[in-house]
Amino acid sequence: MSDTDAPLVKKVTIIGFGLIGSSLARAIQLHGLAGELVACDASHDACATIERLQLADSVGSDPATAVRGAGLIVLAVPMGAYAEVARAIAPHLAEGAIVTDVGSVKAAAIEALAPLLPAHVHLVPGHPIAGTEHSGPASGFATLFEGRWCILTPPEGTDAGKVAVVAELWRRCGSMIEVMDAAHHDKVLAITSHLPHLIAYTIVGTAADLAEDAKAEVIKFSASGFRDFTRIAASDPTMWRDIFLNNREATLEMLQRFTEDLTALQKAIRRGDGDTLYEMFARTRTIRRSIVDARQA
Ligand code: NAP
């Protein structure tokens, strides 16, 4: 299929129009993927921005109104709001509609949504592995998903045709698609995304607790490594709170492994064991090279 074909879906509603929702809207507009695009956001400021930037055909704060007649509904709200939004839209969803989401934890997304949605709609959970530390509709951009993976985690028995529609939407936004089980997704993301964020929040928090004079020097000399952590630690606090609350088991498991490895390095430093340190650092360097080779750097 190409961008010159008819719209992929007649009417798309995006609920939660922040960084991810508004970026998807921009990509949908750019590639002509929806006959009609409806925006819904709880924030009146966000709605005003959406209107000003003309990011959708219509804008409103009432999810029930927004989903009427939509063939595809995308939830792009913080995960803590899933149940509330699902309850609000459930009675108004069209027969055969697809409900997808962009939440960062997939087993919890299914647990929150599946019991509340009517049997006549299709749940196809998704997670675009793309983002920035910024929030809100003004921070989105159409190319956010280009060259990035989007993981879909349809529960067993999901209609393959509906999964194909969601996959095609992301493909036309420039993403590569991978389909996997929700629990597997949560484990992989715990190590590739959730734990790194937790570490960044911790390092920056520790620096913030330093005495005033030391803190000033941390900021002054931040280019020596700390700066990269501060970018990650500037990520949205609501979103990250929800991620750790929703991916508890997998994050705790990875944290346990990390703590053991950290203790091993601590021991090597104390003992002056340069071989162990060198071996570890040389091994990790090759991981960076493979990420660069896979064009995900
Ligand atoms: P965001 O920029 O903060 O946008 C979320 C928007 O949803 C805000 O405008 C928020 O309004 C609105 N909202 C909150 N509760 C709502 C409700 N009940 N009904 C309608 N709108 C509501 O967040 P984001 O970064 O786009 O993240 C959204 C989702 O994408 C999250 O589930 C996250 O896990 C996922 N995700 C994020 C990234 C990333 O890097 N940011 C990457 C991949 C996936 P208020 O500001 O008034 O709360």
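Caption draft 1: Region of the structure containing the nonpolar core. Core analysis: the largest hydrophobic core is formed by 35 residues, its most contacted members being Val12, Ile14, Leu24, Ile28 and Trp170. Counting only elements with at least two residues in this core, the list comes to strand E1 (9-15), helix H1 (19-31), strand E2 (34-40), strand E4 (72-75), strand E7 (149-152) and helix H6 (160-172). In contact with Ile28, not counting residues within four places along its chain, are Val12, Ile14, Leu33, Ala34, Leu37 and Leu169. Within the second largest apolar cluster, 28 residues are counted, among which are Ile15, Val38, Leu113 and Trp240.

Caption draft 2: Representation of the site of the ligand. Around the ligand sit 27 residues, and of these Ile20, Asp41, Val77, Ser104 and Gly136 come closest. Between the ligand and Ile20, the relevant distance is 2.8 Å, taken from an oxygen atom to a main-chain nitrogen or oxygen of the residue. Within the backbone of Val77, one N or O atom sits 2.8 Å away from an oxygen atom of the ligand. The fraction of the free accessible surface of the ligand (900 Å²) that becomes covered by protein chains is 82%. Counting only elements with at least two residues in the shell around the ligand, the list comes to H1, helix H4 (82-89) and strand E6 (122-128). Within the shell around the ligand, the residues separate by chemical class into 15 nonpolar, ten polar and two charged.

Caption draft 3: Representation of the packing of aromatic side chains within the structure. In the structure shown here, the tally under the stated rule is two aromatic pairs. A ring pair is formed by Phe145 and Trp170, whose centres lie 4.9 Å apart and whose planes are at 85 degrees; its orientation type is edge-to-face. One end of the pair, Phe145, is in the loop between E6 and E7; the other, Trp170, is in helix H6, and 25 residues separate them in sequence. The exposure class assigned to Phe145 is buried, which follows from its relative accessible area of 0%. The exposure class assigned to Trp170 is buried, which follows from its relative accessible area of 1%.

Caption draft 4: Looking closely at the state of the cysteines. Following the criterion strictly, the structure yields zero disulfides and no others. For the unlinked cysteine Cys47, the closest cysteine sulfur is that of Cys40, found at 7.0 Å.

Caption draft 5: Geometry of the pattern of salt bridges. Applying the stated criterion to the full structure yields eight salt bridges. The salt bridge involving Asp101 is made with Lys106; its shortest N-O contact spans 2.8 Å. Note that Glu168 is salt-bridged to Arg172, the shortest N-O span being 3.0 Å. Taken as a pair, Glu168 and Arg172 lie in helix H6 at a separation of four residues, close to a single helical turn. For the pair Glu168 and Arg172, a shared accessibility class is recorded, and that class is buried. When salt bridges with common partners are traced through the structure, they connect Glu168, Arg171 and Arg172 into a single cluster.

Caption draft 6: Layout of the packing of helix H7 (residues 182-208) against helix H10 (residues 237-246). Here H7 crosses H10 at 125 degrees, and the two axes come no closer than 11 Å. Looking at the two axes, H7 sits oblique to H10. Here the hand of the crossing between H7 and H10 comes out left-handed. Mapping the contact onto sequence places Ser193, His194, His197, Leu198 and Tyr201 in H7 and Trp240, Ile243 and Phe244 in H10. Grouping the constituent residues of the contact of H7 with H10 by class yields five nonpolar, three polar and no charged.

Rules and cut-offs
- Residues numbered from 1 in each chain as written.
- Predicted model: local features only at pLDDT ≥ 70, side-chain atom pairs only at ≥ 80, totals over all residues.
- Heavy atoms only, no water.
- Core = buried A, V, L, I, M, F, W, Y, C linked by side-chain atoms within 4.5 Å.
- Buried < 20%, exposed > 50% of the residue type's maximum accessible area, 1.4 Å probe, protein only.
- Helix = DSSP H or I, 4+ residues; strand = E, 2+ residues; numbered from the N terminus.
- Contact = heavy atoms within 4.5 Å.
- Near = heavy atom within 4 Å.
- Polar contact = N/O pair within 3.5 Å; in protein donor to acceptor, adjacent residues only side chain to side chain.
- Areas by Shrake-Rupley, 256 points an atom, 1.4 Å probe, with all protein chains shown as cover.
- Nonpolar A, V, L, I, M, F, W, Y, C, P; charged D, E, K, R; others polar.
- Phe/Tyr/Trp six-rings, centres within 6.5 Å; stacked < 30°, edge-to-face > 60°.
- Disulfide = S-S within 2.5 Å.
- Salt bridge = Lys/Arg side-chain N within 4 Å of Asp/Glu carboxyl O.
- Axes fitted to C-alpha atoms, helices over the stretch in contact; angles between N-to-C directions.
- Parallel < 35°, antiparallel > 145°, perpendicular 65-115°, else oblique.
- Left-handed = near helix turned anticlockwise from the far one by under 90°.

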